[in-house]
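Breakdown of the fold
Letter by letter, the chains look like this.
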Amino acid sequence: MTQELIIEQQGHLGIIRLNRVASLNALSIDMIHGIRQQVLTWQAFPQVEAILITSNSPKAFCAGGDVRYIYDGYHAQDNQHLNYFADEYAMLDTLSASKKPIIALLDGYVLGGGFGLAQACHLKVTSEKSRFAMPETVIGYFPDVAATHFLAQLKEIGLYLALTGEQISAADALAFQLVDAMVQQQDLAQLEHALIAAQMLDIASIKRLISEYAMQLEAYPLKSHVDCIEQCFKQASVENIESALQHVQDEEQAWAHSILAILQQRSPMAKRASFVLHHLGRNLSRQQAMLLERQVQALWFEQGDFIEGVRALIIDKDKQPKWRADQPDLDAKINALYQQQLALSA
């Protein structure tokens, strides 16, 4: 069996290489446990001053969670699916709480759980070739792994990403401050070697070193659509967003209608949940947002479309999901969970 994580220590740098290459580094439960345990172990190693998380795949940093494992666990009725999320969130908390700076070196696809993994790191460096997305609505789910917080900070842009699941470029990610720096793909190995050779790896020293390789942002592809996104996605409901996209009349009409067509393919329940969580997330800390997501996950496996979405896209591959009818009371259920959380933290 191929080793899914390659662990090294070079110089003052601890290195975790994601190595589930055939699956684009989709996070297996063993990878989740291994990342968390290694980060915890290195906290007690004074010779390890910083941690680098990178990938051996030429195509992806990490394409997300292991949805097949979650799907199988749900059907086995053994709570394996819920335990997966609990362990994944514990791993993300461990990364964000690390006293040693953690650098994510991103190249290729950074999707779903991989996006959340990157966001939990203290410094995020991408090549210009990377592609970013939270594509959960494609499988009848909502953006999780703290996206309720980090996409909410982008307001209408974040809601566009949450509802559509569309990919954005590395330049877009830099423009929206989802990453800290962009480095030419051909320079990534040199940057890693420089980190290994560094005599000091406190966060200020790491930032100075990264700046020596960083590219200047000149333009980003989504810029021409920002005004349209802000106008349409500021609406008070998903239905109103879709109506606003339908009525775009200027030079953005063709693009707006293409986005509308994408939204109309998504699960109505997933869109509603994503909309509600996004707006609640604007008032939540990262930790509060993650706690709310965990509560909604339990609700989702009872009433949501995740299992049907995975079946249609990954298991049977017919790409014909039979989404459940929308549930207008879903807003109230999520808001009730939100109010419970506020009461507990008061």
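This write-up is about the structure you can find in this document. (Residues numbered from 1 in each chain as written. Predicted model: local features only at pLDDT ≥ 70, side-chain atom pairs only at ≥ 80, totals over all residues. Heavy atoms only, no water.)

What about the packing of aromatic side chains?
Cut-off, in case you're wondering: Stacked, tilted and edge-to-face are the three classes applied to pairs of Phe, Tyr and Trp rings, where Trp contributes its six-membered ring and a pair requires centres within 6.5 Å; stacked means planes under 30 degrees apart, edge-to-face means over 60, and tilted covers the rest. Under the scheme used here, helices are H or I runs from DSSP no shorter than 4 residues and strands are E runs no shorter than 2 residues, and both carry numbers assigned from the N terminus. Under the scheme applied here, a residue whose accessible area is under 20% of the maximum for its type counts as buried, over 50% as exposed, and between as partly exposed, the area being computed with a 1.4 Å probe on protein chains only. Consider the ring centre and the ring normal. A charge sits over the ring if Lys NZ or Arg CZ is within 6 Å of that centre and within 35 degrees of that normal.
The full count for this structure, using the stated rule, is 14 aromatic pairs. For the ring pair Tyr160 and Trp255, a centre distance of 5.9 Å and an interplane angle of 40° mean the geometry is tilted. Of this pair, Tyr160 sits in helix 6 (residues 156-164) while Trp255 sits in helix 12 (residues 253-265); the two residues are 95 residues apart in sequence, bridging distant segments of the chain. Overall, the relative accessible area of 3% leaves Tyr160 in the buried class. Taking relative accessible area as the criterion, Trp255 reaches 16% and is therefore assigned buried. Cation over ring: Arg294 sits above Tyr89, and NZ or CZ is 5.8 Å from the ring centre.

Some words on the packing of helix 13 (residues 268-281) against helix 14 (residues 286-303)
Definition in use: Angular values range over 0 to 180 degrees, each being the angle between N-to-C directions of two axes fitted as lines to C-alpha atoms, with helices fitted over their stretch in contact. Roughly parallel means an angle under 35 degrees; roughly antiparallel means over 145; roughly perpendicular covers 65 to 115; every other angle is labelled oblique. By definition, any crossing whose near helix is turned counterclockwise from its far helix by less than a right angle is left-handed, and any crossing with a clockwise turn is right-handed. Residue contacts are counted whenever heavy atoms from the two residues lie within 4.5 Å of one another.
For the pair helix 13 and helix 14, interaxial distance at closest approach is 12 Å and the crossing angle is 165°. Classed by the angle they form, the pair helix 13 and helix 14 counts as roughly antiparallel. As for the relative orientation of helix 13 and helix 14, their crossing is right-handed in sense. On helix 14, the residues touching Met269, Ala270, Ala273, Leu277 and Leu280 of helix 13 are Leu292, Val296, Trp300 and Gln303.

With respect to the sheet that holds strand 5 (residues 102-106)
Definition in use: Should DSSP find at least two bridges between two strands, the strands are regarded as paired.
Across the sheet, six strands lie side by side as 1-2-3-5-7-10; this open sheet has mixed pairing. The strands lining the two open edges of the sheet, one partner per strand, are strand 1 (5-10) and strand 10 (181-183). Between one strand axis and the next, the sheet turns by 20° as a mean value, whatever way the strands run. Of the strands in this sheet, strand 1, strand 2 (13-18), strand 3 (50-55) and strand 5 touch helix 1 (residues 29-42), which is tilted by about 180° from strand 2.

Digging into the packing of helix 14 against helix 16 (residues 330-345)
We apply this condition: Residues are grouped as follows: nonpolar covers Ala, Val, Leu, Ile, Met, Phe, Trp, Tyr, Cys and Pro; charged covers Asp, Glu, Lys and Arg; every other residue, Gly included, is treated as polar.
At a minimum axis distance of 10 Å, the contact between helix 14 and helix 16 shows a crossing angle of 140°. In terms of orientation, helix 14 lies oblique with respect to helix 16. For helix 14 against helix 16, the interelement crossing comes out right-handed. Counted together, Gln288, Leu291, Leu292, Gln295, Val296, Leu299, Trp300 and Gln303 of helix 14 and Leu330, Lys333, Ile334, Leu337, Tyr338, Gln340, Gln341 and Ser345 of helix 16 form the full contact between these two elements. Its residues assigned to classes, the contact of helix 14 with helix 16 shows nine nonpolar, six polar and one charged.

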